[in-house]
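Single-letter residue listing:
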Amino acid sequence: MRALELHSYTGWRTGLQPVEKPLPQPKPGQVLVKMAASPVNPADLAFMNGQYGVRKTLPTVPGWEGSGTVVKTGGGPLARFFLGRRVACAALDGYDGAWAEYMLTSPLRCIPLRRRVSDEQGAMMLVNPLSAWALIDLARRGKHRAIAQTAAAGALGRMLLRLGQHYRLSMVHIVRRQEQVELLRSLGAKHVLSTHQSDFDEQLQDICRHLGVTLALDAVAGEMTGRLLQAMPRRARVLVYGALSNSACQLHPGRLIFKKQQVSGFWLSDWLPRAGLLKLLHAGWQIQNWLDKELRTEVQARLPIEEARQGLELYVRGMTQGKVLFVPKS
Ligand SMILES: NC(=O)c1ccc[n+]([C@@H]2O[C@H](COP(=O)([O-])OP(=O)(O)OC[C@H]3O[C@@H](n4cnc5c(N)ncnc54)[C@H](OP(=O)(O)O)[C@@H]3O)[C@@H](O)[C@H]2O)c1
């Protein structure tokens, strides 16, 4: 089969290349998925730089999620249940990932796709929609009346915006460019601030005070984490779930000592086993209902893995334009 293989944790420009590999054979309890689509996410970029929470033995195929059809199983009742079904699927930690013609995985990492869900939206269903659902659930269970979020014009940010609208949460959306302010306003966002504005910090403090913001969801980190804390009241919390700035969180220790503010992290991989089966089934069902609206992802390009370099270049140059999907050669 054709696949993209990572040979060194030096990033995609130097570490990634298309290869021909033997078709993997499922062991008992595993399924083989013929891939229909797989997106490029920030987690894939971090993985290829060696900065993700999981490191695999090299060489390995990157790609954390995708969709396709289960074409073979290694036996076992659960694996057999999936045979012939269209699924959203996630890669296993110790195995090759989704940027290939076929991927081996566990049925526990597959969700059967309902007929109304396209291969494309199904391919992007596990990482972002599930995280957006989990983050809003955490905010609601924490009884936060109003929340702020960074990187708000990205795919996950737009999902948070639309879920916030659905649940009538007051939200402050933080972006870094004027076009992104306009984009979010066109989606109905009321409070959008951009870090390119010189009075950003004063505006953020004013709006946080006015709305009573007590939680910030931060995908940028770096100095943004401290700026968020600075704008929020005593006992407020920043939940860091991304590192788009590629730099360490910066904050004044007085925020933790005197203001009793908190900074913590969120990782979907930790949240999933803790959520419990009932909650996951509920989330899986609701997410598929919402994939064409609240949890929809925009796509800027669909390319075969042979054109991966071009696709990755497009994505890193314009993440707000939408996801790049790897699809089989037509
Ligand atoms: N912890 C978890 O379990 C979990 C799960 C899912 C996603 N995430 C994280 O969620 C974040 C968003 O993912 P996504 O798929 O929505 O990304 P995406 O669709 O690619 O969008 C990324 C957005 O962030 C902006 N951005 C990029 N670098 C930035 C920087 N240094 N400062 C400010 N804004 C920046 C981009 O704007 P430009 O167009 O201006 O570049 C774009 O609007 C990522 O950090 C991802 O790793 C975490």
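Residues numbered from 1 in each chain as written. Predicted model: local features only at pLDDT ≥ 70, side-chain atom pairs only at ≥ 80, totals over all residues. Heavy atoms only, no water.

**So, the overall build of the chain**
Looking only at helices and strands, one finds 13 helices and 15 strands in the chain. Relative to the compact-globule value of 20 Å for 330 residues, the chain shows a C-alpha radius of gyration of 20 Å, a close match. Considering only C-alpha atoms, the chain reaches an extent of 60 × 40 × 40 Å along its principal axes. Among the 330 residues that make up the chain, the fraction classed as buried is 52%. Of the contacts made within the chain by residues no fewer than 6 positions apart, 67% connect residues no fewer than 24 positions apart. Between the centroid of the 43 positive side chains of the chain and the centroid of its 25 negative side chains there is a distance of 8 Å. (Helix = DSSP H or I, 4+ residues; strand = E, 2+ residues; numbered from the N terminus. Rg over C-alpha atoms; globule rule 2.2 N^0.38 Å. Buried < 20%, exposed > 50% of the residue type's maximum accessible area, 1.4 Å probe, protein only. Contact = heavy atoms within 4.5 Å. Lys, Arg positive; Asp, Glu negative; His and termini not counted. Charge placed at Lys NZ, Arg CZ, Asp CG, Glu CD.)

**Re the site of the ligand**
Surveying the vicinity of the ligand reveals 26 residues, the closest of which are Leu156, Leu268, Tyr315, Thr320 and Lys323. Taking glycine 154, its main chain carries an N or O atom lying 3.3 Å from an oxygen atom of the ligand. Backbone polar atom of tyrosine 241 to a nitrogen atom of the ligand: 2.9 Å apart, as the coordinates give it. Surface burial for the ligand is 89%, taken as the share of its 940 Å² of free accessible area covered by protein chains. Elements with a minimum of two residues in the shell around the ligand: α5 (128–141) and α6 (155–166). Here the residues of the shell around the ligand are counted per class, giving 16 nonpolar, seven polar and three charged. Composition of the shell around the ligand by domain shows at least three residues from each of domain 1 (2–124 + 297–326) and domain 2 (131–268). (Near = heavy atom within 4 Å. Polar contact = N/O pair within 3.5 Å; in protein donor to acceptor, adjacent residues only side chain to side chain. Areas by Shrake-Rupley, 256 points an atom, 1.4 Å probe, with all protein chains shown as cover. Nonpolar A, V, L, I, M, F, W, Y, C, P; charged D, E, K, R; others polar. Domains from an automatic or database assignment.)

**Regarding the pattern of salt bridges**
Side chains that carry opposite charge are capable of pairing whenever their charged atoms lie near each other. All chains considered together, the criterion is met by 15 salt bridges. A salt bridge links lysine 21 to aspartate 96, with the nearest nitrogen and oxygen atoms 2.8 Å apart. Linking lysine 21 in the loop between β2 (16–20) and β3 (31–39) with aspartate 96 in the loop between β5 (86–90) and β6 (102–105), this pair joins segments that are 75 residues apart in sequence. Looking at lysine 21, the relative accessible area reads 17%, which means it is buried. Take aspartate 96: its relative accessible area is 26%, and that puts it in the partly exposed class. (Salt bridge = Lys/Arg side-chain N within 4 Å of Asp/Glu carboxyl O.)

**Brief notes about a nonpolar patch on the surface**
There is a patch of nonpolar side chains on the surface, built from Leu256, Ile257, Phe258 and Val263 and spanning about 370 Å² of accessible area. Note on placement: isoleucine 257 falls in helix α10 (residues 253–257). On the basis of relative accessible area, isoleucine 257 is assigned to the partly exposed category, the value being 48%. (Patch = residues over 30% accessible without salt bridge, like charges linked within 9 Å, V, L, I, M, F, W, Y side chains within 5 Å.)

**Some words on the packing of α5 against α6**
Packed helix pairs are characterised by how far apart their axes lie and by the angle those axes make with each other. At a minimum axis distance of 9 Å, the contact between α5 and α6 shows a crossing angle of 45°. As the angle between them shows, α5 and α6 are arranged oblique. The two elements α5 and α6 cross, and the hand of that crossing is right-handed. Mapping the contact onto sequence places Asn128, Pro129, Ser131, Ala132, Trp133, Leu135 and Ile136 in α5 and Ala155, Leu156, Met159, Leu160, Leu163 and Gly164 in α6. When the residues that make up the contact of α5 with α6 are grouped by side-chain class, the tally is 10 nonpolar, three polar and no charged. (Axes fitted to C-alpha atoms, helices over the stretch in contact; angles between N-to-C directions. Parallel < 35°, antiparallel > 145°, perpendicular 65-115°, else oblique. Left-handed = near helix turned anticlockwise from the far one by under 90°.)

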